[in-house]
Amino acid sequence: MDNKRIIIAIDGHSSCGKSTFAKAIAARLGYIFIDTGAMYRAVTLYAQENGAILNGIVDEERVEAMLKDIEIDFRFNAQRGASDIYVNGDLVEGKIRTIEVSNSVSAVSSIGAVRQMLVAMQQQMGRKGGVVMDGRDIGTVVFPNAELKIYMTADAMVRAERRYKELTAKGDNVTLDEIYENVVSRDKADMSRAISPLRKADDAIVLDNSYMSVEEQMTWFDEQYQRVING
Ligand code: DC
C-alpha cells in the first residue's frame, strides 16, 4: 500500500453518476468524499426557505446578503457511508435533491459571491489531500493542481432516465419529460455561465459512462489511479 494521499477531482454533467462513482472511489481508498453540488443545493434551499427565490425567480442581491447567515458543515453518517450536509446545524440532506431545488440551483450557483464562499470552503476541506471531490469546477478552479482529474459525461436521456428512477423510487411525483428538460437546461446553464463554467480541464481524462456498470467504471478508475500513483 502506498501512503500518498492525492486529490481526485471529478467534474462533469448533471446526473451522470458522479457522486456514486466518487463515493465508491473514496470508500475504496479510505479517502474523504466531498459532494460540492450538495453545497450549492444547500444554499439554494436556504434561499428558497428564506424568501430569496419567489416563483422560481432568484433575487441575487438577497441571496448574496444572506450568505453571512449560512453555515454549512458535513458530518459523517456511518449508515450511509458518506457525509450528510447540515445548514446552521439542521440536517438538510433529504431536502436538497427535490426538483424545486434542482430548478433553481444553476441560477444560485452562477452568483459570484456564492461561488467565492463555497470554493474557499472546498479548498480548505481538501488542502491535506486524501479527498475525492465532485462538482463542475474542481479540476479547473478549486484544485487546478489535483493529481487526478476525471471529466464524466453520459448521454442526456440515459441521465434523465437514471434520475427519474431515483426520484420515483423515493415517491416523488415527476415525469421523465420534466427531468430530461431539467438535465438539458442545467447542462446549458452550467456550461454557459460567466463565472467558472463547466468545462473539461486540459489534463482531465474523460469517462463516458452511458453504457458502463459501476463495476466497469471502477476497473477503469483503478487503471487511472495506478498510473498516477506509480508515476
Ligand atoms: O452535482 P449536482 O447536480 O448536485 O449540482 C447541483 C448544481 O450545482 C449544478 O447544477 C451546478 C452547481 N454546481 C456548481 O456550479 N459547481 C460545483 N462545483 C458543483 C455544483
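Here, every reference points to the structure presented above.
How each quantity is defined
- Residues numbered from 1 in each chain as written.
- Predicted model: local features only at pLDDT ≥ 70, side-chain atom pairs only at ≥ 80, totals over all residues.
- Heavy atoms only, no water.
- Phe/Tyr/Trp six-rings, centres within 6.5 Å; stacked < 30°, edge-to-face > 60°.
- Helix = DSSP H or I, 4+ residues; strand = E, 2+ residues; numbered from the N terminus.
- Buried < 20%, exposed > 50% of the residue type's maximum accessible area, 1.4 Å probe, protein only.
- Patch = residues over 30% accessible without salt bridge, like charges linked within 9 Å, V, L, I, M, F, W, Y side chains within 5 Å.
- Areas by Shrake-Rupley, 256 points an atom, 1.4 Å probe, with all protein chains shown as cover.
- Salt bridge = Lys/Arg side-chain N within 4 Å of Asp/Glu carboxyl O.
- Contact = heavy atoms within 4.5 Å.
- Polar contact = N/O pair within 3.5 Å; in protein donor to acceptor, adjacent residues only side chain to side chain.
- 1 Å grid on protein atoms, 1.4 Å probe; cavity = no way out; pocket = protein on both sides within 12 Å on 5 of 7 lines; lining within 4 Å.
- Points joined across faces, edges and corners; volume = space filled by probe spheres on them.
- Nonpolar A, V, L, I, M, F, W, Y, C, P; charged D, E, K, R; others polar.
- Lys, Arg positive; Asp, Glu negative; His and termini not counted.

Chemist: Let's hear about the packing of aromatic side chains: which residues, and what values?
Modeler: Taken as a whole and judged by the stated rule, the model has two aromatic pairs. A centroid spacing of 6.1 Å and a plane angle of 85° characterise the contact between Phe 21 and Phe 221, whose relative ring orientation is edge-to-face. Highlighted residues: Phe 21 in helix H1 (residues 18-29) and Phe 221 in helix H9 (residues 214-229), separated in sequence by 200 residues. Seen in terms of ring centroids, Phe 221 and Tyr 225 are 5.7 Å apart; in terms of plane orientation they differ by 25°. Their pairing is stacked. Placement of the pair is Phe 221 and Tyr 225 together in helix H9, with a separation of four residues, close to one helical turn. A relative accessible area of 0% places Phe 221 in the buried class. Since its relative accessible area comes to 7%, Tyr 225 is described here as buried. Connected via pairs of aromatic rings, a cluster forms that spans Phe 21, Phe 221 and Tyr 225.

Chemist: Let's hear about a nonpolar patch on the surface: which residues, and what values?
Modeler: On the surface, a nonpolar cluster with roughly 220 Å² of combined accessible area is contributed by Met 157, Tyr 180 and Val 184. Locating Tyr 180 in the fold gives a position in helix H8 (residues 176-192).

Chemist: Tell me about the environment of Arg 159, and name the residues and values.
Modeler: Tracing the backbone shows Arg 159 in helix H7 (residues 156-169). Considering only alpha carbons, one finds Arg 159 and Leu 176, 17 residues apart in sequence, at a separation of 11 Å. Those residues within four positions of Arg 159 in sequence are excluded, and the remaining contacts are His 13, Ser 14, Ser 15, Cys 16, Ala 154, Val 183 and Asp 187.

Chemist: Help me get a handle on the side chain of Ser 14, residues and values and all.
Modeler: With respect to the element layout, Ser 14 can be found in the loop between strand S1 (7-12) and H1. You can call Ser 14 buried: its relative accessible area is 0%. Separated by 3.1 Å, the side chains of Ser 14 and Arg 136 make a polar contact. Those residues in contact with Ser 14 that sit more than four places away from it in its chain are Arg 136, Arg 159, Arg 186, Asp 187 and Asp 190.

Chemist: Can you explain empty space enclosed by the protein? Please cite residues and give values.
Modeler: Over the atoms rolls a probe the size of a water molecule, and in doing so it shows where empty space is left. Considering all chains together, one arrives at two cavities of 30 Å³ or more under this definition. Taken together, Arg 97, Ile 99, Ser 102, Arg 163, Leu 167, Ile 179, Asn 182, Val 183 and Arg 186 make up the lining of the largest cavity. If you list the elements that add at least two residues to the lining of the largest cavity, you get helix H4 (99-109), H7 and H8. At four residues, H8 tops the list of elements feeding residues into the lining of the largest cavity. Class assignment of the residues belonging to the lining of the largest cavity gives a composition of four nonpolar, two polar and three charged. Volume-wise, the second largest cavity comes out at about 30 Å³. Considering the residues around the second largest cavity, the lining is formed by Asp 11, Gly 139, Thr 140, Lys 149, Ile 150, Tyr 151, Arg 199, Lys 200, Ala 201 and Ala 204.

Chemist: Lay out the environment of Ile 85 with the relevant residues and their values.
Modeler: Along the chain, Ile 85 falls in strand S6 (residues 82-87). Classification of Ile 85 as buried rests on a relative accessible area of 0%. Separated by 11 residues in the primary sequence, Ile 85 and Phe 74 have C-alpha atoms spaced 4.6 Å apart. Those residues in contact with Ile 85 that sit more than four places away from it in its chain are Ala 38, Met 39, Ala 42, Ile 72, Asp 73, Phe 74, Asp 90, Leu 91, Val 92, Glu 93 and Ile 96.

Chemist: Describe the side chain of Arg 186, and please don't skip the residues or the numbers.
Modeler: Secondary-structure assignment places Arg 186 in helix H8. In this structure Arg 186 is buried but unpaired, with Asp 190 as the nearest side chain of opposite charge at 5.3 Å. Beyond its immediate chain neighbours, meaning those up to four positions away, Arg 186 contacts Ser 14, Ser 15, Arg 41, Ser 102, Val 105, Ser 106, Arg 136 and Arg 163.

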